[in-house]
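Chain residues, written in single-letter form:
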Amino acid sequence: MVVDGLTGLNRKRVIEFAGSHRIPFMYEGDFIVRDGGLVSYGQDLAEVGERQASLLDKILNGARRTPFRAIE
């Protein structure tokens, strides 16, 4: 399920409907799983924020380009 304004506001109802009808829904955001959804395929936004902060700290403290590599 892709989260938009309508499904985001009604996510509890969607989760309850899927559970009561035994429909295995896959959700976009991990926050929906914390609300009771089955599984999420989206990125962990807290981890993304931590990585961004770490890279910004390195840049602001004068790190050269060489230590930056693709993040797996």
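Every value quoted in this text rests on a predicted model; they were computed, and no experiment measured them.

## Looking at unusual backbone geometry
No. 1: With phi around 55°, Arg 22 is a residue other than glycine that occupies positive phi space.
No. 2: Inspection of the secondary structure puts Arg 22 in the loop between α2 (11–20) and β1 (26–27).
No. 3: Owing to a relative accessible area of 77%, Arg 22 belongs among the exposed residues under this scheme.

## A word on the pattern of salt bridges
No. 1: Inspection of every chain in the model, using the stated rule, returns two salt bridges.
No. 2: A salt bridge links Asp 35 to Arg 11; the shortest N-O distance between them is 2.5 Å. Note that Asp 35 is positioned in the loop between α3 (30–34) and β2 (39–40) and Arg 11 in helix α2, a separation of 24 residues in sequence.
No. 3: As a salt-bridge pair, Glu 47 and Arg 51 come within 3.0 Å of each other at their nearest N and O atoms. Remark: Arg 51 and Glu 47 occur in helix α4 (residues 45–60); sequence separation between them is four residues, near one turn of the helix.
No. 4: Taking the relative accessible area as the measure of exposure, Glu 47 reaches 36% and is therefore partly exposed.

## Observations regarding the nonpolar core
No. 1: Core analysis: the biggest nonpolar cluster contains six residues, these being Met 1, Val 14, Ile 15, Ala 18, Tyr 27 and Ile 32.
No. 2: Tallying contributions element by element places α2 first for this core, with three residues.
No. 3: Once you skip the residues sitting within four places of it in the chain, Ile 32 turns out to touch Met 1, Val 3, Arg 11, Ile 15, Tyr 27 and Gly 37.

## Concerning a nonpolar patch on the surface
No. 1: A grouping of Val 2, Met 26, Leu 38, Val 39 and Tyr 41 is seen on the molecular surface, where their side chains present a nonpolar patch of about 490 Å² in accessible area.
No. 2: Examined against the element boundaries, Tyr 41 turns out to sit in the loop between β2 and α4.

## As for α4
No. 1: For α4, built from 16 residues, the straight-helix expectation of 22 Å at 1.5 Å per residue is met to within 8% by its first-to-last C-alpha distance of 22 Å.
No. 2: N-cap assignment for α4: the residue whose side-chain oxygen lies 3.2 Å from the backbone N of Ala 46 is Asp 44.
No. 3: In the stretch just after α4, Gly 62 is the one whose phi turns positive, near 85°.

About the criteria used
- Residues numbered from 1 in each chain as written.
- Predicted model: local features only at pLDDT ≥ 70, side-chain atom pairs only at ≥ 80, totals over all residues.
- Heavy atoms only, no water.
- Helix = DSSP H or I, 4+ residues; strand = E, 2+ residues; numbered from the N terminus.
- Buried < 20%, exposed > 50% of the residue type's maximum accessible area, 1.4 Å probe, protein only.
- Salt bridge = Lys/Arg side-chain N within 4 Å of Asp/Glu carboxyl O.
- Core = buried A, V, L, I, M, F, W, Y, C linked by side-chain atoms within 4.5 Å.
- Contact = heavy atoms within 4.5 Å.
- Patch = residues over 30% accessible without salt bridge, like charges linked within 9 Å, V, L, I, M, F, W, Y side chains within 5 Å.
- Areas by Shrake-Rupley, 256 points an atom, 1.4 Å probe, with all protein chains shown as cover.
- Expected span 1.5 Å × (residues − 1).
- Polar contact = N/O pair within 3.5 Å; in protein donor to acceptor, adjacent residues only side chain to side chain.

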